[in-house]
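# Structural features, examined
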Amino acid sequence: MKNTISTLMAMRERGEKISQVTCYDFSMARLVDAAEINTILVGDSLGMTMQGYSDTLPVTMEEMIVYGRSVVRGAPNAFVIMDMPFMSYQVSVEQAVANAGRLIKETGANAVKLEGGAAVEEQIRAIVDSGIPVCAHIGMTPQSANAFGGFKVQGKGEENARRVLEDAFTVQRAGAFMCVLECVPPKLAALISSKVDMITIGIGAGAGCDGQVLVSQDLLAMSGDFKPKFVRQFAQVGAMMTEAYRAYDAAVKDGSFPTLEESYVKSDCSDEFLRALSAQY
Ligand code: KIV
């Protein structure tokens, strides 16, 4: 069944938790959809997980669109949210609406996500007014890591906590239907979740949100030694994949792969014909 804003809101009202993972390609999207994950975020974290950058800042609109399209084709049931990359919405409200429109038109996704609270209130309002659902993202916002002096917990201290809570009300007032709370202290995240009407999705923000998001590569242990404190590795897929590649490498090199059964065409030319062919060259 296709997840929609109505089905997600109904889950929230029933007190059912909402699952979200990041995903960036067709083959993983099929696996995520088969697992009945409610929503997929095509996060700009793809700059790090798929492209090997040390942060998300270099990711472009064109790249987001290529990844997003592949995900949408693989996930007919999940509600797909496209991250707006750095500098695709900060420059002007008009540019924000145009780029949100491109992300939806050119990928077929269901919503866009942008980072920031009061600073992007007008952008959120204008995108929502143009008919595109918006997921906000407050607390630790990776695109502002340079301004914060690194990836740091947000909402620590009374003044910061009040600012994060006010950001939540601001993005809700601007029309966001969902909001990611990243690295917000757990009690504050639970308080925000109890005060707002939009869906809250936590990452490193405790269990009091309406749902949770993790980067797929982190939960599958495919990120090498990188393991943020808030990540639970649900399977050692990275190690399993390396093992599988190692076994393949060994089988190719020792000649045990492929067997005749693993050849595409089993009915071969006759030995007599091959002998004659060989003699001609
Ligand atoms: O880009 C991303 O993956 C994100 C999540 C970490 C929330 O924004």
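Residues numbered from 1 in each chain as written. Predicted model: local features only at pLDDT ≥ 70, side-chain atom pairs only at ≥ 80, totals over all residues. Heavy atoms only, no water.

### Some points on the pattern of salt bridges
All chains considered together, the criterion is met by ten salt bridges. The residue R163 makes a salt bridge to D167 at a minimum N-O spacing of 3.7 Å. Within this pair, R163 and its partner D167 are both found in helix α8 (residues 158–173), separated by four residues, close to a single helical turn. By relative accessible area, which is 11% here, D167 ends up buried. Connected through shared salt-bridge partners, E62, R102 and E106 make up one network. (Salt bridge = Lys/Arg side-chain N within 4 Å of Asp/Glu carboxyl O. Helix = DSSP H or I, 4+ residues; strand = E, 2+ residues; numbered from the N terminus. Buried < 20%, exposed > 50% of the residue type's maximum accessible area, 1.4 Å probe, protein only.)

### Remarks on the site of the ligand
Neighbouring the ligand are the residues T22, L41, G43, D44, S45, D83, K113, H137, V180 and I203. S45 is positioned such that a nitrogen or oxygen atom in its side chain is 2.5 Å from an oxygen atom of the ligand. K113 has a polar side-chain atom sitting 3.0 Å from an oxygen atom of the ligand. Alone, the ligand offers 260 Å² of accessible surface; in the complex the protein occludes 95% of this. Among the residues making up the shell around the ligand, the classes are represented as three nonpolar, four polar and three charged. (Near = heavy atom within 4 Å. Polar contact = N/O pair within 3.5 Å; in protein donor to acceptor, adjacent residues only side chain to side chain. Areas by Shrake-Rupley, 256 points an atom, 1.4 Å probe, with all protein chains shown as cover. Nonpolar A, V, L, I, M, F, W, Y, C, P; charged D, E, K, R; others polar.)

### Details of helix α4 (residues 61–74)
For α4, which comprises 14 residues, the first-to-last C-alpha distance of 20 Å matches the rise-based estimate of 20 Å (1.5 Å per residue) to within 8%. Among the residues making up α4, those that are buried are M61, M64, I65, Y67, G68, S70, V71 and G74. (Expected span 1.5 Å × (residues − 1).)

### Describing the confidence of the model for the protein
With 98% of its residues at a pLDDT of at least 70, the protein reaches an overall mean of 96. The lowest-confidence element of the protein is helix α7 (residues 145–148), averaging 77 in pLDDT; the highest-confidence one is strand β3 (residues 79–83), averaging 99. (pLDDT = per-residue confidence, 0-100.)

### Section: the pairing of strand β1 (residues 18–22)
Of all five residues in β1, four are buried, a share of seventy percent or more. Where β1 lies against strand β8 (residues 211–214), four bridges are found, and the strand directions are parallel. Within β8, the residue paired with Q20 across the bridge is V213. Two elements, β1 and strand β2 (residues 39–42), share three bridges in a ladder whose sense is parallel. For V21, the partnering residue across the bridge sits in β2 and is I40. Remark: the β1/helix α2 (residues 26–34)/β2 crossover connection has right-handed handedness. (Pairing = 2+ DSSP bridges. Right-handed = clockwise from strand over helix to strand, strands pointing away.)

### Considering the nonpolar core
Counting 56 residues, the largest nonpolar core has I40, V42, I124, I127 and L181 as its most contacted members. It is α4 that provides the largest number of residues to this core, a total of five residues. Apart from the residues within four sequence positions on either side, I127 is in contact with M84, A96, V97, A100, V112, L114, I132 and V134. Judged by nonpolar contacts, the second largest core, of 15 residues, contains L8, I81, V180 and I199. (Core = buried A, V, L, I, M, F, W, Y, C linked by side-chain atoms within 4.5 Å. Contact = heavy atoms within 4.5 Å.)

### Quick look at the packing of α2 against α4
In contact at an axis separation of 7 Å, α2 and α4 are set at 40° when each is read in the N-to-C sense. When the interaxial angle is binned, α2 and α4 end up oblique. For the crossing formed where α2 meets α4, the hand is right-handed. Along its contact with α2, which presents F26, A29, R30 and D33, the element α4 presents S70, V71, R73 and G74. (Axes fitted to C-alpha atoms, helices over the stretch in contact; angles between N-to-C directions. Parallel < 35°, antiparallel > 145°, perpendicular 65-115°, else oblique. Left-handed = near helix turned anticlockwise from the far one by under 90°.)

### Comments concerning the environment of K113
Position of K113 among the secondary structure elements: in strand β4 (residues 111–115). Judged by its relative accessible area of 2%, K113 is buried. Measuring from C-alpha to C-alpha, the distance between K113 and N146 comes to 20 Å, with 33 residues separating the pair along the chain. If sequence neighbours within four positions are ignored, K113 has contacts with L41, I81, M82, D83, M84, C135, A136, H137 and V180.

### Digging into the sheet that holds strand β5 (residues 134–139)
Around the barrel, eight strands lie side by side as β1-β2-β3-β4-β5-β6-β7-β8; this closed barrel has parallel pairing. Across this sheet, the average inter-strand angle for adjacent strands is 25°, counted without regard to direction. Relative to strand β6 (residues 178–182), β5 runs parallel, the two being bridged by five bridges. The partner of H137 across the bridge, within β6, is V180.

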